[in-house]
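A look at the structure
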Amino acid sequence: MTGVLAVVVATALLVAFALPWLTTVFSTGLSSTGVSSGTGAARVTFANQVRTWLPAALGALVSVGVAYAAALGIGALRPLGKGSEWLLLPFAPWLLAGSGTLAFSQWSLARDLDLIGTFAALIPPVLVSVPALVVLTLLCRGLAQRATTGFARGVLLPSLPMAGVLAGGVTLYNAQDLVWPLLFAQDPRTMPAPGVLAAMLGSYVQTELDVSVTTPLVVVVVAAVALIAAQVFYLDRLAVHTGIDSRGNMPPA
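Residues numbered from 1 in each chain as written. Predicted model: local features only at pLDDT ≥ 70, side-chain atom pairs only at ≥ 80, totals over all residues. Heavy atoms only, no water.

The full count for this structure, using the stated rule, is one aromatic pair. Plain terms: the ring middles of W180 and F184 are 4.8 Å apart, the flat faces sit at 25 degrees to each other, and that makes the pair stacked. Pair noted here: W180 and F184 are both in helix α7 (residues 179-184), with a separation of four residues, about one helical turn. A relative accessible area of 2% places F184 in the buried class. (Phe/Tyr/Trp six-rings, centres within 6.5 Å; stacked < 30°, edge-to-face > 60°. Helix = DSSP H or I, 4+ residues; strand = E, 2+ residues; numbered from the N terminus. Buried < 20%, exposed > 50% of the residue type's maximum accessible area, 1.4 Å probe, protein only.)

Structural data, given as structure tokens:
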């Protein structure tokens, strides 16, 4: 009974917080470009959506990919033995740093390379996702301590799904970033969706903005299906342990 009540309360809170997005999704029609756009709302074309999600996915692939390679080295290969986790310390200052931290230095570099307004400038320059690095390092450490079938089958393959889950989460995060569109794409035709909405809001012409265009229904459905599949087939098998036994090994799963 308690579990059912918790699900009901969580669902009600989710619907309440998502009500502005749900309202625009189910009340909008299709524009001539095939992209949802409400009456009086900013129109986001297919090209804007491509420039929203493709750079976000490429940035996630790089940042999570580098983090995954580092996590395999720190968590599984353990170059410093029991003290290998200290290698995460240099990344600590960047754990909660967003794109704004690098915005101005990257803008100067993009200007010098004449990349302002181009597709390449929209790709987030963050090379390492520090949250993904921490999570994957802990996962690889636990897998390595229990592996009995070698590195590839015991650590590499079991940790790949988690890297994919984190890459998906970073993609969703990158796609909602407003700093990069405003700095690197001044033309609304080449801006990602959040930049288009911000430009229309700043123009004082639009009195109603369709917030659903930054998270299209198809993206939400795909993300939800992927998350459910990951939970059923992968995440449900993971466990978090605090502490080790007398021999320095993690407790059994």
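Interhelical geometry of helix α3 (residues 46-77) versus helix α5 (residues 130-146) gives an angle of 40 degrees and a closest axis separation of 8 Å. Considering how the two elements wind past one another, α3 and α5 form a crossing that is right-handed. Within the contact between the two elements, α3 uses V64, A67, Y68, A70, A71, L72, I74, G75 and A76 and α5 uses A132, L133, L136, T137, C140, R141 and A144. (Axes fitted to C-alpha atoms, helices over the stretch in contact; angles between N-to-C directions. Left-handed = near helix turned anticlockwise from the far one by under 90°. Contact = heavy atoms within 4.5 Å.)

As a further point, take the packing of α5 against helix α6 (residues 151-175). To characterise two packed helices, one gives the angle between the axes of the helices and the distance between these axes. Where α5 meets α6, the closest approach of the two axes is 10 Å, and the angle between their N-to-C directions is 155 degrees. Considered as vectors, α5 and α6 are oriented roughly antiparallel to each other. The hand of the α5/α6 crossing is right-handed. Residues A132, V135, L136, L139, C140, L143 and A144 of α5 touch α6, and the partners they reach there are G154, V155, P158, S159, M162, A163 and L166. Looking at the contact of α5 with α6 residue by residue, the classes come out as 12 nonpolar, two polar and no charged. (Parallel < 35°, antiparallel > 145°, perpendicular 65-115°, else oblique. Nonpolar A, V, L, I, M, F, W, Y, C, P; charged D, E, K, R; others polar.)

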